Amino acid sequence: MTTQEFIGKENFTIHTRTVSESCPSNIALIKYWGKYKDQIPANPSISYTLNHCKTNTVMEFIADEPFSVQTFLAGNEEVKFAEKIEKYFKNIEQYLPWILKGRYLVRTENTFPHSSGIASSASGFGAIAKCLMALDETFTGKTSEEQSLRKASFLARLGSGSACRSLYNGLVVWGDTEEVEGSSDLFAVRYPNAEILDIFRNFNDWVLLIHEGQKSVSSTVGHGLMNTNPYAERRFQEARENFVPMKEILKTGDMEGFIRLVEHEALTLHAMMMMSDPAFILMKTGTLEVINKVWDFRKETGLPLFFTLDAGANVHLLFPADGSEEKVKTFIEAELLQHTQKNGVVKDVMKF
Ligand code: DP6
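Residues numbered from 1 in each chain as written. Predicted model: local features only at pLDDT ≥ 70, side-chain atom pairs only at ≥ 80, totals over all residues. Heavy atoms only, no water.

## A short note on the overall build of the protein chain
In terms of helices and strands, the protein chain carries eight helices and 13 strands. At 20 Å, the protein chain has a C-alpha radius of gyration in line with the 20 Å of a compact globule built from 352 residues. For the protein chain, the share of sequence-separated contacts (at least 6 apart) that also reach a separation of at least 24 residues comes to 77%. Accessible surface, the protein chain as shown: approximately 15,400 Å² in total, 50% of it carbon and sulfur. (Helix = DSSP H or I, 4+ residues; strand = E, 2+ residues; numbered from the N terminus. Rg over C-alpha atoms; globule rule 2.2 N^0.38 Å. Contact = heavy atoms within 4.5 Å. Areas by Shrake-Rupley, 256 points an atom, 1.4 Å probe, with all protein chains shown as cover.)

## Structural notes on the site of the ligand
The local shell around the ligand holds 16 residues, among which Tyr32, Lys35, Ser160, Ser162 and Arg165 are the closest. One of the side-chain nitrogen or oxygen atoms of Ser160 is found 2.7 Å away from an oxygen atom of the ligand. The contact in question runs from an oxygen atom of the ligand to an N or O atom on the backbone of Gly161, over 2.8 Å. Expressed as a share of its isolated accessible area of 460 Å², the protein-covered part of the ligand is 91%. Looking at side-chain class alone, the shell around the ligand contains five nonpolar, eight polar and three charged residues. Both domain 1 (3-195) and domain 2 (200-351) contribute no fewer than three residues apiece to the shell around the ligand. (Near = heavy atom within 4 Å. Polar contact = N/O pair within 3.5 Å; in protein donor to acceptor, adjacent residues only side chain to side chain. Nonpolar A, V, L, I, M, F, W, Y, C, P; charged D, E, K, R; others polar. Domains from an automatic or database assignment.)

## What to know about helix α2 (residues 120-140)
Taking 1.5 Å of rise per residue, 21 residues should cover 30 Å, and α2 covers 29 Å from first to last C-alpha, within 8% of that figure. Burial analysis of α2 places 16 of its 21 residues in the buried class, which makes it a mostly covered element. Note on α2: the residue one or two positions beyond its end, Gly141, has a positive phi of about 105 degrees. (Expected span 1.5 Å × (residues − 1). Buried < 20%, exposed > 50% of the residue type's maximum accessible area, 1.4 Å probe, protein only.)

## Focus on the side chain of Ser153
Following the sequence through the fold, Ser153 ends up in helix α3 (residues 145-159). Here Ala188 takes part through its backbone nitrogen, which lies 2.9 Å from a polar atom of the side chain of Ser153. Leaving out residues up to four positions away in the same chain, Ser153 has contacts with Cys164, Leu167, Tyr168, Phe187 and Ala188.

## Regarding the domain arrangement of the protein chain
Domain boundaries assigned for the protein chain yield domain 1 (3-195) and domain 2 (200-351). Placing the centre of domain 1 and that of domain 2 at their C-alpha centroids yields a distance of 25 Å. In this assembly, 36 residues from domain 1 lie in contact with 48 residues from domain 2. A combined buried area of about 3,600 Å² lies between domain 1 and domain 2, and 64% of that area is made up of carbon and sulfur atoms. The interface formed by domain 1 and domain 2 holds one salt bridge in total. One salt bridge connects Glu179 with Lys247, and the closest N-O pair in it is separated by 3.5 Å. Across the domain 1-domain 2 interface, the total number found is 12 residue pairs in polar contact (both at pLDDT 80 or more). (Buried area = accessible area lost by both parts, 1.4 Å probe. Salt bridge = Lys/Arg side-chain N within 4 Å of Asp/Glu carboxyl O.)

## Examining helix α5 (residues 232-252)
The end-to-end C-alpha distance of α5 is 31 Å, a good match for the 30 Å that 21 residues give at a rise of 1.5 Å each. Of all the residues in α5, the buried ones are Ala232, Arg235, Phe236, Glu238, Ala239, Asn242, Phe243, Met246, Ile249 and Leu250. Contact partners of the buried residues in α5: β1 (17-30), β2 (35-36), β4 (45-63), β8 (171-174) and α6 (255-274). Backbone geometry just downstream of α5 places Gly253 in the positive-phi region, at approximately 80 degrees.

Written out as C-alpha coordinates, the structure is:
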(Lines give C-alpha, C1' and ligand atoms only; values in the text may rest on other atoms or scores of the structure.)
Protein backbone atom coordinates (compact mmCIF):
# COMPACT_ATOMS: atom_id res chain seq x y z
CA MET A 1 0.00 0.00 0.00
CA THR A 2 1.41 3.40 -0.96
CA THR A 3 0.30 6.99 -0.62
CA GLN A 4 -0.15 7.11 -4.42
CA GLU A 5 -3.85 6.21 -4.28
CA PHE A 6 -4.52 9.33 -2.20
CA ILE A 7 -2.87 11.90 -4.49
CA GLY A 8 -5.54 14.48 -5.37
CA LYS A 9 -7.02 15.14 -8.82
CA GLU A 10 -5.51 18.16 -10.62
CA ASN A 11 -8.82 18.88 -12.36
CA PHE A 12 -11.08 20.73 -9.99
CA THR A 13 -13.60 23.57 -9.96
CA ILE A 14 -13.76 25.42 -6.68
CA HIS A 15 -16.55 27.60 -5.36
CA THR A 16 -17.59 29.03 -2.02
CA ARG A 17 -19.26 26.34 0.06
CA THR A 18 -20.13 25.43 3.65
CA VAL A 19 -20.10 21.83 4.86
CA SER A 20 -20.76 20.34 8.27
CA GLU A 21 -19.69 17.00 9.66
CA SER A 22 -19.59 15.20 12.95
CA CYS A 23 -17.06 12.66 14.23
CA PRO A 24 -16.82 10.69 17.50
CA SER A 25 -13.81 10.18 19.75
CA ASN A 26 -12.28 6.75 20.34
CA ILE A 27 -10.56 4.83 23.10
CA ALA A 28 -7.71 2.44 22.31
CA LEU A 29 -7.57 -1.08 23.74
CA ILE A 30 -4.15 -1.88 22.24
CA LYS A 31 -2.39 1.46 22.33
CA TYR A 32 -0.54 3.52 19.75
CA TRP A 33 2.44 5.06 21.52
CA GLY A 34 5.48 5.81 19.41
CA LYS A 35 5.63 6.80 15.75
CA TYR A 36 7.95 7.38 12.80
CA LYS A 37 8.14 10.11 10.17
CA ASP A 38 4.87 11.08 8.43
CA GLN A 39 2.73 9.72 11.24
CA ILE A 40 3.58 6.07 10.67
CA PRO A 41 2.74 4.17 13.87
CA ALA A 42 5.43 2.07 15.54
CA ASN A 43 2.86 -0.66 16.19
CA PRO A 44 -0.73 -1.52 15.26
CA SER A 45 -3.54 -0.39 17.57
CA ILE A 46 -7.23 -1.20 18.03
CA SER A 47 -9.91 1.02 19.53
CA TYR A 48 -13.57 1.34 20.25
CA THR A 49 -15.26 4.30 18.63
CA LEU A 50 -17.48 6.07 21.15
CA ASN A 51 -21.11 6.93 20.49
CA HIS A 52 -21.78 10.18 22.35
CA CYS A 53 -18.43 12.01 22.63
CA LYS A 54 -18.30 13.84 19.33
CA THR A 55 -16.99 16.93 17.61
CA ASN A 56 -19.39 18.78 15.32
CA THR A 57 -17.63 20.97 12.76
CA VAL A 58 -18.93 23.55 10.29
CA MET A 59 -16.36 24.49 7.65
CA GLU A 60 -16.90 27.51 5.44
CA PHE A 61 -14.63 27.65 2.38
CA ILE A 62 -14.51 31.04 0.67
CA ALA A 63 -13.05 30.39 -2.76
CA ASP A 64 -10.42 32.50 -4.49
CA GLU A 65 -9.35 34.47 -1.45
CA PRO A 66 -5.82 34.35 0.02
CA PHE A 67 -5.31 31.19 2.08
CA SER A 68 -6.01 31.63 5.79
CA VAL A 69 -7.78 29.73 8.55
CA GLN A 70 -9.86 31.10 11.40
CA THR A 71 -11.16 28.64 14.01
CA PHE A 72 -13.78 28.93 16.72
CA LEU A 73 -14.34 26.44 19.52
CA ALA A 74 -17.80 26.74 21.07
CA GLY A 75 -18.00 30.26 19.63
CA ASN A 76 -14.64 31.48 20.96
CA GLU A 77 -11.83 32.22 18.54
CA GLU A 78 -8.88 29.82 18.94
CA VAL A 79 -5.77 31.27 17.33
CA LYS A 80 -3.44 28.42 18.30
CA PHE A 81 -5.74 25.80 16.80
CA ALA A 82 -5.99 27.86 13.59
CA GLU A 83 -2.18 27.88 13.29
CA LYS A 84 -2.15 24.12 13.68
CA ILE A 85 -4.83 23.69 11.00
CA GLU A 86 -3.02 26.05 8.60
CA LYS A 87 0.12 23.97 8.95
CA TYR A 88 -1.86 20.79 8.51
CA PHE A 89 -3.58 22.07 5.33
CA LYS A 90 -0.20 23.05 3.84
CA ASN A 91 1.10 19.60 4.67
CA ILE A 92 -1.70 17.76 2.81
CA GLU A 93 -1.81 19.89 -0.37
CA GLN A 94 -0.66 17.01 -2.63
CA TYR A 95 -3.71 15.01 -1.55
CA LEU A 96 -6.16 17.92 -2.03
CA PRO A 97 -4.60 20.25 -4.62
CA TRP A 98 -7.34 22.90 -4.20
CA ILE A 99 -6.85 23.18 -0.45
CA LEU A 100 -4.78 26.39 -0.34
CA LYS A 101 -6.98 28.26 -2.82
CA GLY A 102 -9.32 29.92 -0.39
CA ARG A 103 -10.09 31.15 3.09
CA TYR A 104 -11.59 29.02 5.86
CA LEU A 105 -13.85 29.64 8.78
CA VAL A 106 -13.99 26.54 10.97
CA ARG A 107 -16.50 26.35 13.81
CA THR A 108 -16.28 23.35 16.12
CA GLU A 109 -18.17 22.18 19.15
CA ASN A 110 -17.56 19.15 21.32
CA THR A 111 -20.45 17.28 22.92
CA PHE A 112 -18.19 16.62 25.93
CA PRO A 113 -16.64 19.22 28.24
CA HIS A 114 -13.67 20.93 26.60
CA SER A 115 -11.45 20.68 29.66
CA SER A 116 -12.33 17.02 30.26
CA GLY A 117 -9.15 15.65 28.73
CA ILE A 118 -11.21 13.39 26.46
CA ALA A 119 -9.25 13.15 23.22
CA SER A 120 -10.70 16.02 21.21
CA SER A 121 -7.87 15.77 18.68
CA ALA A 122 -9.21 12.41 17.46
CA SER A 123 -12.80 13.60 16.97
CA GLY A 124 -11.59 17.08 15.93
CA PHE A 125 -9.29 15.93 13.14
CA GLY A 126 -11.78 13.23 12.16
CA ALA A 127 -14.48 15.87 11.64
CA ILE A 128 -12.10 18.18 9.76
CA ALA A 129 -11.01 15.36 7.45
CA LYS A 130 -14.67 14.54 6.74
CA CYS A 131 -15.39 18.21 5.94
CA LEU A 132 -12.40 18.28 3.57
CA MET A 133 -13.64 15.17 1.79
CA ALA A 134 -17.13 16.69 1.47
CA LEU A 135 -15.56 19.78 -0.16
CA ASP A 136 -13.34 17.57 -2.34
CA GLU A 137 -16.36 15.76 -3.67
CA THR A 138 -18.05 18.96 -4.80
CA PHE A 139 -14.84 20.28 -6.41
CA THR A 140 -13.57 17.11 -8.11
CA GLY A 141 -16.60 14.83 -8.51
CA LYS A 142 -18.16 11.99 -6.58
CA THR A 143 -16.26 8.96 -5.33
CA SER A 144 -17.62 5.89 -3.58
CA GLU A 145 -18.44 6.26 0.10
CA GLU A 146 -15.87 3.62 1.04
CA GLN A 147 -13.12 5.41 -0.90
CA SER A 148 -14.07 8.73 0.59
CA LEU A 149 -14.03 7.31 4.13
CA ARG A 150 -10.66 5.67 3.58
CA LYS A 151 -9.17 8.92 2.31
CA ALA A 152 -10.74 10.80 5.23
CA SER A 153 -9.05 8.29 7.56
CA PHE A 154 -5.75 8.77 5.70
CA LEU A 155 -6.03 12.57 6.00
CA ALA A 156 -7.14 12.45 9.65
CA ARG A 157 -4.04 10.37 10.47
CA LEU A 158 -1.83 13.15 9.16
CA GLY A 159 -3.53 15.54 11.60
CA SER A 160 -3.45 13.24 14.64
CA GLY A 161 -2.61 9.55 14.49
CA SER A 162 -5.44 8.18 16.61
CA ALA A 163 -7.96 10.33 14.67
CA CYS A 164 -7.80 7.95 11.70
CA ARG A 165 -9.60 5.30 13.81
CA SER A 166 -12.54 7.64 14.55
CA LEU A 167 -13.86 7.50 10.99
CA TYR A 168 -15.35 4.06 11.53
CA ASN A 169 -17.84 2.70 14.00
CA GLY A 170 -17.20 -0.24 16.33
CA LEU A 171 -13.76 -1.80 16.74
CA VAL A 172 -11.19 -0.21 14.47
CA VAL A 173 -7.59 -1.13 13.65
CA TRP A 174 -4.81 1.18 12.52
CA GLY A 175 -1.37 -0.15 11.66
CA ASP A 176 -0.16 -3.00 9.56
CA THR A 177 -0.66 -6.40 11.21
CA GLU A 178 -0.98 -9.80 9.57
CA GLU A 179 -3.69 -10.56 12.13
CA VAL A 180 -6.15 -8.16 10.45
CA GLU A 181 -6.76 -8.39 6.74
CA GLY A 182 -6.37 -5.12 4.86
CA SER A 183 -4.80 -3.31 7.82
CA SER A 184 -2.42 -0.49 6.99
CA ASP A 185 -0.08 2.04 8.55
CA LEU A 186 -1.67 4.71 6.35
CA PHE A 187 -5.32 4.53 7.40
CA ALA A 188 -7.64 2.62 9.71
CA VAL A 189 -9.93 -0.30 8.85
CA ARG A 190 -12.97 -1.79 10.56
CA TYR A 191 -12.33 -4.91 12.58
CA PRO A 192 -14.73 -7.47 11.03
CA ASN A 193 -17.96 -7.55 13.06
CA ALA A 194 -18.44 -11.23 12.18
CA GLU A 195 -15.38 -11.99 14.31
CA ILE A 196 -16.63 -10.13 17.39
CA LEU A 197 -18.93 -11.88 19.83
CA ASP A 198 -22.06 -9.92 20.79
CA ILE A 199 -20.85 -9.36 24.35
CA PHE A 200 -18.11 -7.04 22.97
CA ARG A 201 -20.50 -5.18 20.70
CA ASN A 202 -22.52 -3.57 23.42
CA PHE A 203 -20.19 -2.01 25.98
CA ASN A 204 -20.27 0.91 28.39
CA ASP A 205 -17.43 3.39 28.67
CA TRP A 206 -17.87 5.74 31.61
CA VAL A 207 -15.08 8.28 31.68
CA LEU A 208 -14.20 9.51 35.16
CA LEU A 209 -12.86 13.06 34.89
CA ILE A 210 -10.15 12.77 37.51
CA HIS A 211 -8.27 15.84 36.41
CA GLU A 212 -9.74 18.52 34.20
CA GLY A 213 -7.46 20.93 32.41
CA GLN A 214 -4.24 20.96 30.45
CA LYS A 215 -1.99 17.87 30.55
CA SER A 216 1.61 18.41 31.64
CA VAL A 217 3.02 16.57 28.60
CA SER A 218 1.25 16.44 25.24
CA SER A 219 0.78 13.16 23.34
CA THR A 220 3.05 14.42 20.57
CA VAL A 221 5.91 15.01 23.03
CA GLY A 222 5.17 11.63 24.66
CA HIS A 223 5.38 9.81 21.32
CA GLY A 224 8.69 11.58 20.66
CA LEU A 225 10.17 10.35 23.94
CA MET A 226 9.70 6.75 22.73
CA ASN A 227 12.56 7.44 20.27
CA THR A 228 15.07 7.31 23.10
CA ASN A 229 13.23 4.94 25.44
CA PRO A 230 15.36 1.78 25.89
CA TYR A 231 12.18 -0.31 26.33
CA ALA A 232 10.50 1.00 23.17
CA GLU A 233 11.34 -1.85 20.79
CA ARG A 234 10.13 -4.45 23.28
CA ARG A 235 6.95 -2.49 23.78
CA PHE A 236 6.27 -2.22 20.01
CA GLN A 237 6.85 -5.96 19.71
CA GLU A 238 4.48 -6.68 22.58
CA ALA A 239 1.71 -4.57 21.06
CA ARG A 240 2.11 -6.48 17.78
CA GLU A 241 1.97 -9.79 19.65
CA ASN A 242 -1.10 -8.70 21.62
CA PHE A 243 -3.17 -8.84 18.45
CA VAL A 244 -3.00 -12.63 18.57
CA PRO A 245 -4.78 -13.09 21.93
CA MET A 246 -7.06 -10.12 21.19
CA LYS A 247 -8.40 -11.83 18.07
CA GLU A 248 -9.02 -15.04 19.97
CA ILE A 249 -10.69 -13.20 22.87
CA LEU A 250 -13.08 -11.32 20.60
CA LYS A 251 -14.04 -14.52 18.83
CA THR A 252 -14.50 -16.71 21.90
CA GLY A 253 -15.90 -14.19 24.39
CA ASP A 254 -13.05 -14.66 26.88
CA MET A 255 -13.95 -11.75 29.17
CA GLU A 256 -11.22 -12.52 31.69
CA GLY A 257 -8.61 -12.49 28.95
CA PHE A 258 -10.06 -9.22 27.61
CA ILE A 259 -9.85 -7.56 31.02
CA ARG A 260 -6.26 -8.74 31.57
CA LEU A 261 -5.11 -7.57 28.15
CA VAL A 262 -6.86 -4.19 28.17
CA GLU A 263 -5.66 -3.25 31.66
CA HIS A 264 -2.14 -4.44 30.84
CA GLU A 265 -2.08 -2.22 27.76
CA ALA A 266 -3.20 0.81 29.78
CA LEU A 267 -0.61 0.27 32.49
CA THR A 268 2.13 -0.40 29.93
CA LEU A 269 1.35 2.92 28.24
CA HIS A 270 1.87 4.74 31.54
CA ALA A 271 4.91 2.62 32.41
CA MET A 272 6.48 3.78 29.14
CA MET A 273 5.93 7.38 30.26
CA MET A 274 7.66 6.68 33.55
CA MET A 275 10.59 5.06 31.74
CA SER A 276 11.04 7.97 29.32
CA ASP A 277 13.89 10.40 29.77
CA PRO A 278 12.80 12.85 31.03
CA ALA A 279 10.24 10.75 32.87
CA PHE A 280 6.68 11.95 33.30
CA ILE A 281 3.57 10.76 35.10
CA LEU A 282 0.09 11.68 33.91
CA MET A 283 -1.84 9.60 36.43
CA LYS A 284 -3.02 11.44 39.56
CA THR A 285 -3.77 10.13 43.04
CA GLY A 286 -7.41 9.69 42.04
CA THR A 287 -6.39 7.55 39.06
CA LEU A 288 -4.59 5.09 41.36
CA GLU A 289 -7.38 5.10 43.94
CA VAL A 290 -9.93 4.23 41.28
CA ILE A 291 -7.74 1.45 39.84
CA ASN A 292 -7.32 -0.16 43.26
CA LYS A 293 -11.02 0.09 44.02
CA VAL A 294 -11.88 -1.48 40.66
CA TRP A 295 -9.53 -4.37 41.40
CA ASP A 296 -11.03 -4.88 44.89
CA PHE A 297 -14.56 -4.72 43.49
CA ARG A 298 -13.77 -7.33 40.88
CA LYS A 299 -12.18 -9.63 43.44
CA GLU A 300 -15.21 -9.35 45.73
CA THR A 301 -18.00 -9.57 43.18
CA GLY A 302 -16.47 -11.25 40.12
CA LEU A 303 -18.29 -8.65 37.99
CA PRO A 304 -16.59 -7.54 34.77
CA LEU A 305 -15.74 -3.92 35.59
CA PHE A 306 -12.31 -2.83 34.36
CA PHE A 307 -10.41 0.20 33.14
CA THR A 308 -8.30 1.66 30.44
CA LEU A 309 -6.43 4.95 30.34
CA ASP A 310 -5.46 7.30 27.57
CA ALA A 311 -2.58 9.74 27.79
CA GLY A 312 -3.99 11.50 30.85
CA ALA A 313 -5.31 11.04 34.38
CA ASN A 314 -8.89 10.15 33.48
CA VAL A 315 -10.09 6.59 33.88
CA HIS A 316 -12.25 4.93 31.23
CA LEU A 317 -14.40 2.40 33.08
CA LEU A 318 -15.44 -0.42 30.79
CA PHE A 319 -18.26 -2.89 31.45
CA PRO A 320 -20.67 -4.83 29.27
CA ALA A 321 -24.06 -3.25 28.57
CA ASP A 322 -25.93 -6.53 28.78
CA GLY A 323 -28.64 -5.53 31.22
CA SER A 324 -26.84 -6.92 34.26
CA GLU A 325 -24.79 -3.84 35.03
CA GLU A 326 -26.96 -2.15 37.69
CA LYS A 327 -24.64 -3.25 40.51
CA VAL A 328 -21.62 -1.91 38.65
CA LYS A 329 -23.29 1.43 38.04
CA THR A 330 -24.32 1.74 41.69
CA PHE A 331 -20.74 0.99 42.76
CA ILE A 332 -19.31 3.61 40.41
CA GLU A 333 -21.70 6.29 41.65
CA ALA A 334 -21.19 5.42 45.31
CA GLU A 335 -17.45 4.68 45.42
CA LEU A 336 -15.61 6.03 42.40
CA LEU A 337 -17.20 9.38 41.57
CA GLN A 338 -15.68 10.88 44.72
CA HIS A 339 -12.21 10.61 43.14
CA THR A 340 -13.11 12.95 40.28
CA GLN A 341 -12.45 16.67 40.47
CA LYS A 342 -16.04 17.87 40.20
CA ASN A 343 -18.15 14.70 40.18
CA GLY A 344 -17.30 14.61 36.52
CA VAL A 345 -18.28 11.58 34.52
CA VAL A 346 -19.08 11.22 30.84
CA LYS A 347 -21.29 8.21 30.20
CA ASP A 348 -20.73 6.76 26.79
CA VAL A 349 -21.61 3.46 25.20
CA MET A 350 -20.33 1.47 22.23
CA LYS A 351 -23.14 -0.30 20.37
CA PHE A 352 -22.56 -1.73 16.92
C1 DP6 B 1 -2.40 7.23 24.31
O2 DP6 B 1 -3.11 10.37 18.32
O3 DP6 B 1 -3.12 11.98 20.23
O4 DP6 B 1 -4.33 7.92 23.12
O5 DP6 B 1 -0.51 11.33 16.53
O6 DP6 B 1 0.75 12.91 17.99
O7 DP6 B 1 -1.65 13.37 17.44
P8 DP6 B 1 -0.58 12.31 17.68
O9 DP6 B 1 -0.99 11.51 18.99
P10 DP6 B 1 -2.40 10.96 19.46
O11 DP6 B 1 -1.90 9.79 20.45
C12 DP6 B 1 -2.83 8.99 21.10
C13 DP6 B 1 -2.17 8.11 22.06
C14 DP6 B 1 -3.07 7.31 22.97
C15 DP6 B 1 -3.23 5.87 22.47
C16 DP6 B 1 -4.14 5.64 21.31
O17 DP6 B 1 -5.11 6.37 21.10
O18 DP6 B 1 -3.89 4.62 20.62
